[in-house]
Amino acid sequence: MLTVDIDTGAAQAALQSFGNLRGRLTSAVRNTLAAGKAEAKSRIEARYTAKAPLSLGKVSLRASGLNGTLSFGGKRNELKRFILNPSTRPPHNPPGGLNVQVVKGSGGVLPHAFIGRGTVFERTGQSRLPIRHISTIALSGMAKAVSEHVLNKMENKLRTEINNALGG
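In what follows, the accompanying structure is described.

1. Some details on the sheet that holds strand β6 (residues 113-116)
Inference 1: Spatial strand order, β6-β7-β8: 3 strands in an open sheet with antiparallel pairing. Either end of the sheet is taken by a strand with one partner, and the two such strands are β6 and β8 (131-133). On average, each strand axis in the sheet is inclined to that of its neighbour by 35°, with strand direction left out of account.
Inference 2: One ladder, built from 4 bridges, connects β6 with strand β7 (residues 119-123); its direction is antiparallel. For F114, the partnering residue across the bridge sits in β7 and is F121.

Okay, structure coming up:
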């Protein structure tokens, strides 16, 4: 028969210190997610020509205990949110079509594109009709393109936050 006697004062103190440690670790997860969001914003702004890229979708930060998620969502964005020349509907069709740049440093001409009612359309046939609406990348796709850098930054930040939480 084995009997274990527990000093209730020491056990209470250990549980209390664990509770504080859990709070510090949850705070470390929150700080890591915030750093990941800031890194994603700066990387997306450096890569894409949108003026306010995080306003083009939904960014969600959730920290629960020792788990956390950083997610990006939203639908495909209008082409007019990026660099488009001409940016408004001219009185006549622009010669050569519309010049579009979504990713910095690369762009192209859409020869059969035009602006109608504030959105960009493209003729798909030889005649006046049929036309199709043109949209571009969603915020989640932009975040996926820069995710490697963001994950590396978050990993380093989490290490430093855990070391700070443990007092080391």
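2. Digging into the layout of surface pockets
Inference 1: Of the voids in this model, the largest pocket is the one considered here, and its volume is about 190 Å³.
Inference 2: Lining of the largest pocket is provided by N93, P94, G97, P111, H112, A113, F114, R123, T124, G125, Q126 and S127.

3. Details of the nonpolar core
Inference 1: I44, F82, L98 and V120 are the most contacted members of the largest nonpolar core, which totals 25 residues.
Inference 2: Contributions of two or more residues to this core are made by α1 (8-47), β4 (98-101), β6, α2 (139-145) and α3 (147-165).
Inference 3: Counting residues per element, this core draws most heavily on α1, at 4 residues.
Inference 4: Those residues within four positions of I44 in sequence are excluded, and the remaining contacts are P53, L139, M142, A143 and V146.

Parameters and conventions
Residues numbered from 1 in each chain as written. Predicted model: local features only at pLDDT ≥ 70, side-chain atom pairs only at ≥ 80, totals over all residues. Heavy atoms only, no water. Pairing = 2+ DSSP bridges. Helix = DSSP H or I, 4+ residues; strand = E, 2+ residues; numbered from the N terminus. Axes fitted to C-alpha atoms, helices over the stretch in contact; angles between N-to-C directions. 1 Å grid on protein atoms, 1.4 Å probe; cavity = no way out; pocket = protein on both sides within 12 Å on 5 of 7 lines; lining within 4 Å. Points joined across faces, edges and corners; volume = space filled by probe spheres on them. Core = buried A, V, L, I, M, F, W, Y, C linked by side-chain atoms within 4.5 Å. Buried < 20%, exposed > 50% of the residue type's maximum accessible area, 1.4 Å probe, protein only. Contact = heavy atoms within 4.5 Å.

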